[in-house]
Amino acid sequence: MSATGTETESYTVIDPWTMEPLATDPRKREVYRYDPYMREGLMSFSRMEALGSVRDHTFVVLKPDAIAGRRCGLILDTLAEEGWHPVAATTVLFSPLLTRELWRYQFNAASKQRIAVVDHLLGSGRSLLVLLEDANRPAWLPASVRLTRAKGAADPTSAGRADLRTRIGRVNGLFNFMHTADDPADLIRETQLFSYQTGWAWCAPQLAAPALGDPARRATARAAVTAHLAGLESEIPAHDLDVTRSLARLAGGRGPWADLAVEAADRARIGDWLEALRRAPLPDGTARWDVLSVVTAWIECNEPGVTPFLPTGRADDWRTEGTYR
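Rules behind the numbers
Residues numbered from 1 in each chain as written. Predicted model: local features only at pLDDT ≥ 70, side-chain atom pairs only at ≥ 80, totals over all residues. Heavy atoms only, no water. Helix = DSSP H or I, 4+ residues; strand = E, 2+ residues; numbered from the N terminus. Axes fitted to C-alpha atoms, helices over the stretch in contact; angles between N-to-C directions. Parallel < 35°, antiparallel > 145°, perpendicular 65-115°, else oblique. Contact = heavy atoms within 4.5 Å. Nonpolar A, V, L, I, M, F, W, Y, C, P; charged D, E, K, R; others polar. Buried < 20%, exposed > 50% of the residue type's maximum accessible area, 1.4 Å probe, protein only. Pairing = 2+ DSSP bridges. Salt bridge = Lys/Arg side-chain N within 4 Å of Asp/Glu carboxyl O. Left-handed = near helix turned anticlockwise from the far one by under 90°. Phe/Tyr/Trp six-rings, centres within 6.5 Å; stacked < 30°, edge-to-face > 60°.

Visitor: I would appreciate a short explanation of the environment of P256 in the present structure.
Guide: With respect to the element layout, P256 can be found in helix α14 (residues 256-263). Measuring from C-alpha to C-alpha, the distance between P256 and R278 comes to 13 Å, with 22 residues separating the pair along the chain.

Visitor: Explanation requested: the packing of α14 against helix α15 (residues 270-279) in the structure shown.
Guide: The relative placement of two packed helices comes down to the angle between their axes together with the axis-to-axis distance. Where α14 meets α15, the axes come as close as 11 Å, and the angle between the chain directions of the two elements is 170 degrees. With respect to α15, the axis of α14 lies roughly antiparallel. Each of W257, L260 and A261 in α14 lies in contact with α15, whose residues at this interface are D272, W273, A276 and L277. Taken together, the residues of the contact of α14 with α15 sort by class into six nonpolar, no polar and one charged.

Visitor: Help me out: how do you make sense of the pairing of strand β1 (residues 57-62) in this one?
Guide: With six of six residues buried, β1 lies mostly within the body of the structure. Burial along β1 is two-sided: H57, F59 and V61 and T58, V60 and L62, pointing in opposite directions, are all buried. Here β1 pairs with strand β3 (residues 127-134) via six bridges, running antiparallel. Note that in β3 the partner of F59 across the bridge is L131. For β1 and strand β4 (residues 178-180), the ladder comprises three bridges, and the chain directions are antiparallel. Opposite L62, over in β4, you have M178 as the bridge partner.

Visitor: Explain the sheet that holds β4 to me, please; I cannot follow it from the model alone.
Guide: In any sheet, the strands associate via hydrogen bonds between backbone groups, in a parallel or an antiparallel arrangement. The four strands lie next to each other as β2-β3-β1-β4, forming an open sheet whose pairing is antiparallel. Looking at the sheet topology across the chains shown, the edges are occupied by β2 (84-92) and β4. Taken over all neighbouring pairs, the strand axes of this sheet differ in orientation by 25 degrees on average, direction set aside.

Visitor: Help me out: how do you make sense of the pattern of salt bridges in this one?
Guide: A side chain of one charge can pair with a side chain of the opposite charge when the charged atoms of the two come close. All told, the structure shown has 26 salt bridges when counted by the stated rule. The partner of D316 in a salt bridge is R149, with the nearest N and O atoms 4.0 Å apart. Remark: R149 occurs in helix α8 (residues 143-151) and D316 occurs in the loop between α16 (285-298) and α17 (317-320); sequence separation between them is 167 residues. What makes D316 partly exposed here is its relative accessible area of 37%. When its relative accessible area of 44% is taken as the criterion, R149 is described as partly exposed. One salt bridge connects R269 with D272, and the closest N-O pair in it is separated by 2.4 Å. What makes R269 partly exposed here is its relative accessible area of 35%. Overall, the relative accessible area of 30% leaves D272 in the partly exposed class.

Visitor: What's the story with the packing of α15 against α16 in this structure? I'm lost.
Guide: The geometry of α15 relative to α16 is characterised by a closest axis approach of 10 Å and an angle of 130 degrees between their N-to-C directions. With respect to their mutual orientation, α15 and α16 come out oblique. Considering the relative orientation of α15 and α16, their crossing is left-handed. Here I270, W273 and L277 of α15 come into contact with α16, specifically with V291, V294, V295 and W298. Its residues assigned to classes, the contact of α15 with α16 comprises seven nonpolar, no polar and no charged.

Visitor: Which parts of the structure should I look at to understand the pairing of β2?
Guide: Within a regular strand, side chains alternate between the sheet's two faces. With nine of nine residues buried, β2 is to be regarded as a mostly interior element. The pairing of β2 with β3 spans eight bridges and is antiparallel. The residue of β3 that forms the bridge with T90 is L129.

Visitor: How should I be thinking about the packing of aromatic side chains in this particular structure?
Guide: Between two aromatic rings, the relevant description is the distance of the centres plus the angle of the planes. Considering all chains together, one arrives at ten aromatic pairs under this definition. Seen in terms of ring centroids, F94 and W103 are 6.0 Å apart; in terms of plane orientation they differ by 20 degrees. Their pairing is stacked. W103 carries the same exposure label as F94, and that label is buried. With a centroid separation of 6.4 Å and an interplanar angle of 85 degrees, the aromatic rings of F94 and F194 are classed as edge-to-face. Taken together, the residues span a long stretch of sequence, with F94 in the loop between β2 and α6 (96-102) and F194 in helix α10 (residues 184-198) at a distance of 100 residues.

Below, the structure is given as structure tokens:
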């Protein structure tokens, strides 16, 4: 009740102070107060009594391109070298809706070309979702933020040689192999989004009762990851993800994609390839990845001059913000 005795109108049940430990960007804190997945995620983590674990944990999604390119083992080994260890794993299948809701506040900057391709890529098979604990994080830096900083940009032109994506051989702006939560707020929101498909049993024990550094827990998780990977690699064929070799293989085949590889084997003809994506189904097996290798290599991923509504924050902001340490 207000001082005058009338009710104060509100459009959210999330108080501003709730968001302070979860994100440093004031705009993001405010926007997420009205986000339904953030609200449900906070409720889910509260029920599990897991809010206290969001600084020690994060996740990595190994996308279908990582599976086709057989990069998953290298990624997990590289993460472990840097202190991020699997403690639980499951699989998730991207739908067009999941993709747009996961990147709801960044997709405004996606190019029309990227929008035309992304569902074909992410829908090419199941992805591996791995919960990680961070053994090396400084007290001031959440696990999710440390991993986002180490991962590097999706765009190869903005990459550094020490970036994790560079070290694992990222190919182009869409064949970048992995997705991670930017910060604790995204860890909560995005895990909630995945939960509509995965449920919570796969990760709830680790989040609710963290036992950081427990070798038995890590061994159990690594075995689960290995089992999931075996299944995923049986579903998605190995591929070199090389545009030149992909064009040659397509040109040696038959049908509309073979014709396109012969008649439009030039980046300037990307419009013909995108039109073909709209008109014809992708081929099966390795030929599917031949087509994806061509189109992901030739598209522009972002609209010039358009900034994501909520861009990725800076890790150093966690040193100075008034968030809890």
